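Survey of secondary and tertiary structure
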Amino acid sequence: MSEMATHGGDNEPQTSARRQSRSGGGDPATRGRTTIADGVVEKIAGMAARDVEGVHAMGSGLSRTFGAVRDRVPGGGKAVTRGVKAEVGEVQTALDLEIVVEYGYPIGDVSRAVRENVIAAVERMTSLEVVEVNIAVSDVHLPDEEDDEEPEQPRIQ
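Everything numeric here is computed off the predicted structure, so don't read it as measured data.

The next thing to look at is the overall build of the chain. Helix and strand counts for the chain stand at four helices and four strands. Here the chain holds 157 residues, and 25% of them are scored as buried. Of the contacts formed within the chain by residues at least 6 apart in sequence, a portion of 73% connects residues at least 24 apart.

Structure below.
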């Protein structure tokens, strides 16, 4: 009888172990791999950078000119990734941004705010560690300059 009691006591952990092996073992969230494309990180970073006060536009003059033309082509849409380049690894990412700052805003403050906003958004949405955000200020937008980013007037009113 004591053998049955011992056997019955051993049976319970074996059943539990069998259940784990049948279901694949471990936490379901760890079964598989997630990869994030460079373009995904570039879109997140582009949106976060544009949200900062003092950022007029993204990209160099040439890329903004081409972007303005592309935006006017039906189906072209606005290029959220203009002025953003990301290198994405398995657990880390590095970003290069090119921005145009509004005249009157301190460039150092705008750059710092862009860096903080981009890092917070990318890390929150992707769980990647942002190791660096390099910012190149390619221009200062003056109040009396024409804006390539403004939409043209609709032909039908």
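After that view of the structure, there is still more to cover.
Taken N-terminus to C-terminus, the directions of helix H2 (residues 38–50) and helix H4 (residues 107–126) make an angle of 140°; their axes are 8 Å apart at the nearest point. Overall, the two elements H2 and H4 adopt an arrangement that is oblique. Both H2 and H4 take part in a crossing whose hand is right-handed. Side by side, H2 and H4 meet where Val41, Ile44, Ala45, Ala48 and Ala49 of the first sit next to Val114, Asn117, Val118, Ala121, Val122, Met125 and Thr126 of the second. Among the residues making up the contact of H2 with H4, the classes are represented as 10 nonpolar, two polar and no charged.

Let us look at the nonpolar core. In this structure, Met58, Leu95, Leu97, Val114, Val118, Val122 and Val133 are the most contacted members of the largest nonpolar core, which totals 23 residues. Every element with two or more residues in this core is listed here: H2, strand S1 (55–58), strand S2 (84–88), strand S3 (92–102), H4 and strand S4 (129–141). Ignoring anything within four residues of it in the chain, the contact list for valine 133 reads Leu95, Leu97, Arg115, Val118 and Ile119.

On to the pairing of S3. Successive residues of a regular strand alternate their side chains across the two faces of the sheet. Sheet analysis places S1 next to S3, joined by three bridges and oriented antiparallel. Note on S3: the bridge partner recorded for alanine 57 is valine 100. In this structure, S2 lies alongside S3, joined through five bridges in antiparallel fashion. By the bridge assignment, alanine 86 is partnered in S3 with leucine 95. Alignment of S3 against S4, held across 11 bridges, turns out to be parallel. Across the sheet, the residue bridging to aspartate 96 is asparagine 134, located in S4. For the crossover that starts at S3, traverses H4 and ends in the parallel S4, the hand is right-handed.

This paragraph deals with the side chain of histidine 141. Structurally, histidine 141 can be placed in strand S4. Here glutamate 102 takes part through its side chain, which lies 3.4 Å from a polar atom of the side chain of histidine 141.

We now examine the environment of alanine 57. In this fold, alanine 57 is placed in strand S1. Judged by relative accessible area, which is 4%, alanine 57 ranks as buried. Between the C-alpha atoms of alanine 57 and aspartate 139, which are 82 residues apart in sequence, the distance is 9.3 Å.

Bringing the environment of alanine 49 into the picture now. Relative to the helices and strands, alanine 49 is located in helix H2. Sequence separation of alanine 49 and valine 114 is 65 residues, and the distance between their C-alpha atoms is 5.2 Å. Ignoring sequence-local partners within four residues, the contact set of alanine 49 consists of Val55, Met58, Leu97, Val114 and Val118.

A word on the confidence of the model for the chain. Overall, the prediction assigns the chain a mean pLDDT of 80, with 66% of residues at 70 or greater. Per-residue pLDDT stays below 50 along residues 2–6; that stretch engages in zero contacts with residues further than four places along the chain or on separate chains. Confidence drops under pLDDT 50 across residues 149–155; counting only partners more than four residues distant or on other chains, this segment forms six contacts.

Conventions and cut-offs
- Residues numbered from 1 in each chain as written.
- Predicted model: local features only at pLDDT ≥ 70, side-chain atom pairs only at ≥ 80, totals over all residues.
- Heavy atoms only, no water.
- Helix = DSSP H or I, 4+ residues; strand = E, 2+ residues; numbered from the N terminus.
- Buried < 20%, exposed > 50% of the residue type's maximum accessible area, 1.4 Å probe, protein only.
- Contact = heavy atoms within 4.5 Å.
- Axes fitted to C-alpha atoms, helices over the stretch in contact; angles between N-to-C directions.
- Parallel < 35°, antiparallel > 145°, perpendicular 65-115°, else oblique.
- Left-handed = near helix turned anticlockwise from the far one by under 90°.
- Nonpolar A, V, L, I, M, F, W, Y, C, P; charged D, E, K, R; others polar.
- Core = buried A, V, L, I, M, F, W, Y, C linked by side-chain atoms within 4.5 Å.
- Pairing = 2+ DSSP bridges.
- Right-handed = clockwise from strand over helix to strand, strands pointing away.
- Polar contact = N/O pair within 3.5 Å; in protein donor to acceptor, adjacent residues only side chain to side chain.
- pLDDT = per-residue confidence, 0-100.

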